[in-house]
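# Residue-level structure breakdown
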Amino acid sequence: ASEVLRDVDLRIDEGEYVSIIGHSGCGKSTLLNIVGGLLKSTTGEVFLEGQVVDAPGPDRAIVFQNHSLLPWLTVY
């Protein structure tokens, strides 16, 4: 396995808008999926309001670029 992200230190304050830009394959989607709780990082942690983010939650939203299913949800 290769390293995708290294030395990421990001703080976003309440009400702040941030854009993450970069060339294809640089880790943008990986970073967003970790922040959203869709992927677990191998090292480090993501905190939201003092709590560790380790799963998706209703306090965050991700707008996907393509059609995506959330396998832990049902139609019901």
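Before reading further, recall that the structure is shown in the block above.
What comes next concerns the included structure. Position numbers for residues start from 1 in each chain and track the written sequence from start to end. The model is predicted, so local features are restricted to residues of pLDDT at least 70 and side-chain atom pairs to those at 80 or more, both for listing and for counting; the totals for chains, interfaces and linings are taken over all residues. For the side-chain quantities, the full set of heavy atoms in the structure was used; hydrogens and water were omitted.

## Side note on a nonpolar patch on the surface
Counted only if it meets this: Each patch is built from residues that are more than 30% exposed by relative accessible area and take part in no salt bridge. Like charges join if they lie within 9 Å; nonpolar side chains (Val, Leu, Ile, Met, Phe, Trp, Tyr) join within 5 Å. The protein chains shown are the only cover counted for residues, whose accessible areas, like all others here, come from Shrake-Rupley with a 1.4 Å probe. Only one rule defines a salt bridge in this text: a Lys or Arg side-chain nitrogen within 4 Å of an Asp or Glu carboxyl oxygen. Residue exposure (1.4 Å probe, protein chains only): buried if accessible area is under 20% of the type maximum, exposed if over 50%, otherwise partly exposed.
A cluster of nonpolar side chains, namely Val8, Leu10, Ile12, Val18, Ile20 and Leu32, defines an oily patch on the protein surface of about 480 Å² accessible area. Judged by relative accessible area, Val8 falls into the partly exposed class, the value being 47%.

## Considering the layout of surface pockets
If a probe the size of a water molecule is rolled over the atoms, the empty space left behind becomes visible. Counted only if it meets this: The definitions used throughout rest on a 1 Å grid laid over the protein atoms alone, on which a cavity is an enclosed set of points accommodating a 1.4 Å probe that cannot get out and a pocket is an open set flanked by protein within 12 Å on both sides along at least five of seven lines; lining residues are those having an atom within 4 Å of a point. Grid points are joined across faces, edges and corners, and a volume is the space filled by probe spheres set on the points. Only runs of H or I of at least four residues qualify as helices and only runs of E of at least two qualify as strands under DSSP, and these elements are numbered from the N terminus. Side-chain classes are defined by residue name, with Ala, Val, Leu, Ile, Met, Phe, Trp, Tyr, Cys and Pro counting as nonpolar, Asp, Glu, Lys and Arg as charged, and the others, Gly among them, as polar.
One number sums up the size of the largest pocket: a volume of about 1,900 Å³. Residue lining of the largest pocket: 49 residues in total, with Leu10, Leu31, Leu32, Val35 and Gly36 positioned closest to the centre. For the lining of the largest pocket, the secondary-structure elements that each account for two or more residues are α1 (28–35) and β1 (47–48). With eight residues, α1 is the largest single contributor of residues to the lining of the largest pocket. For the lining of the largest pocket, a count of residues per class yields 22 nonpolar, 13 polar and 14 charged. Of the voids in this model, the second largest pocket is the one considered here, and its volume is about 150 Å³.

So yeah, pure geometry; function would need other evidence.
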